[in-house]
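Listed below are the residues making up each chain.
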Amino acid sequence: MQTINKETKRGKSFIMAFANSSAKVLRDVYKRFSNKKQNAYDNCCLKCDKENGSQFCIISAGRYTFSVGWLTDDGLRVETAKGSYLIK
């Protein structure tokens, strides 16, 4: 997992996406989605639970990928198709 400073442009971008999101489940962002997307989403939910996370939400969604975020005691956790991040 890569740590990103919350004061950087990238850190602020993740924080803003998290703050503006209201999507909680895949149906909030996709009319139809693959089993692969569902499995990825489920894995993210498991990570959130293991980290005692809260406020889990989908922070971005495109045709092929989506990103999620949740709050932990350490900061904002973000999972994307390209990696895992902790913003603090």
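For clarity, every value in this text was computed on a predicted model and none was experimentally measured.

**What to know about the overall build of the protein**
Consideration 1: Regarding its fold elements, the protein presents 2 helices and 5 strands.
Consideration 2: For the protein, the α and β elements follow one another from N to C terminus as β-α-α-β-β-β-β.
Consideration 3: For the protein, the C-alpha radius of gyration of 12 Å lies close to 12 Å, the compact-globule estimate for 88 residues.
Consideration 4: When the backbone C-alpha atoms are referred to their principal axes, the protein occupies close to 35 × 25 × 20 Å.

**Re the nonpolar core**
Consideration 1: Counting residues in hydrophobic clusters, the biggest one holds 11 residues: Ala-23, Leu-26, Tyr-30, Tyr-41, Cys-44, Cys-48, Phe-56, Ile-58, Phe-66, Val-68 and Trp-70.
Consideration 2: Going through the elements one at a time, helix 2 (35-50), strand 2 (54-61) and strand 3 (66-72) are the ones with two or more residues in this core.
Consideration 3: With residues near it in sequence (within four places) discarded, Val-68 still touches Cys-44, Phe-56, Cys-57, Ile-58, Ile-59, Arg-77, Val-78 and Glu-79.

**Re the pattern of salt bridges**
Consideration 1: Following the criterion strictly, the structure yields 3 salt bridges and no others.
Consideration 2: As a salt-bridge pair, Lys-47 and Glu-79 come within 3.2 Å of each other at their nearest N and O atoms. Of this pair, Lys-47 sits in helix 2 while Glu-79 is found in strand 4 (residues 75-79), placing the two residues 32 residues apart along the sequence.
Consideration 3: The shortest N-O distance in the salt bridge between Glu-79 and Arg-77 comes to 2.8 Å.
Consideration 4: Note on Glu-79: relative accessible area 7%, which makes it buried.
Consideration 5: A residue is classified by how much of its surface remains accessible, and Arg-77, at 3% relative accessible area, is buried.
Consideration 6: Linked by salt bridges that have partners in common, Lys-47, Glu-51, Arg-77 and Glu-79 make up one network.

**Notes on the environment of Leu-86**
Consideration 1: For Leu-86, the location among the structural elements is in strand 5 (residues 84-87).
Consideration 2: Judged by relative accessible area, which is 8%, Leu-86 ranks as buried.
Consideration 3: Spatially, the C-alpha atom of Leu-86 lies 20 Å from that of Ala-23, the residues being 63 residues apart in sequence.
Consideration 4: Each residue touching Leu-86, except ones within four places of it in the same chain, is listed here: Met-1, Gln-2, Thr-3, Ile-4, Thr-72, Asp-74, Gly-75, Leu-76 and Arg-77.

**Thoughts on the sheet that holds strand 2**
Consideration 1: With respect to topology, 5 strands assemble into an open sheet ordered 1-5-4-3-2, the strand pairing being mixed. Edge positions in the sheet fall to strand 1 (2-4) and strand 2, since each has one partner strand and no second. Neighbour-to-neighbour, the strand axes of this sheet turn through a mean angle of 25°, independent of strand direction.
Consideration 2: Relative to strand 4, strand 3 runs antiparallel, the two sharing 5 bridges. Its bridge partner lying in strand 4, Val-68 is registered against Glu-79.

Here is what the cut-offs are and how they apply
- Residues numbered from 1 in each chain as written.
- Predicted model: local features only at pLDDT ≥ 70, side-chain atom pairs only at ≥ 80, totals over all residues.
- Heavy atoms only, no water.
- Helix = DSSP H or I, 4+ residues; strand = E, 2+ residues; numbered from the N terminus.
- Rg over C-alpha atoms; globule rule 2.2 N^0.38 Å.
- Core = buried A, V, L, I, M, F, W, Y, C linked by side-chain atoms within 4.5 Å.
- Buried < 20%, exposed > 50% of the residue type's maximum accessible area, 1.4 Å probe, protein only.
- Contact = heavy atoms within 4.5 Å.
- Salt bridge = Lys/Arg side-chain N within 4 Å of Asp/Glu carboxyl O.
- Pairing = 2+ DSSP bridges.
- Axes fitted to C-alpha atoms, helices over the stretch in contact; angles between N-to-C directions.

The values are spatial; any link to function lies outside them.
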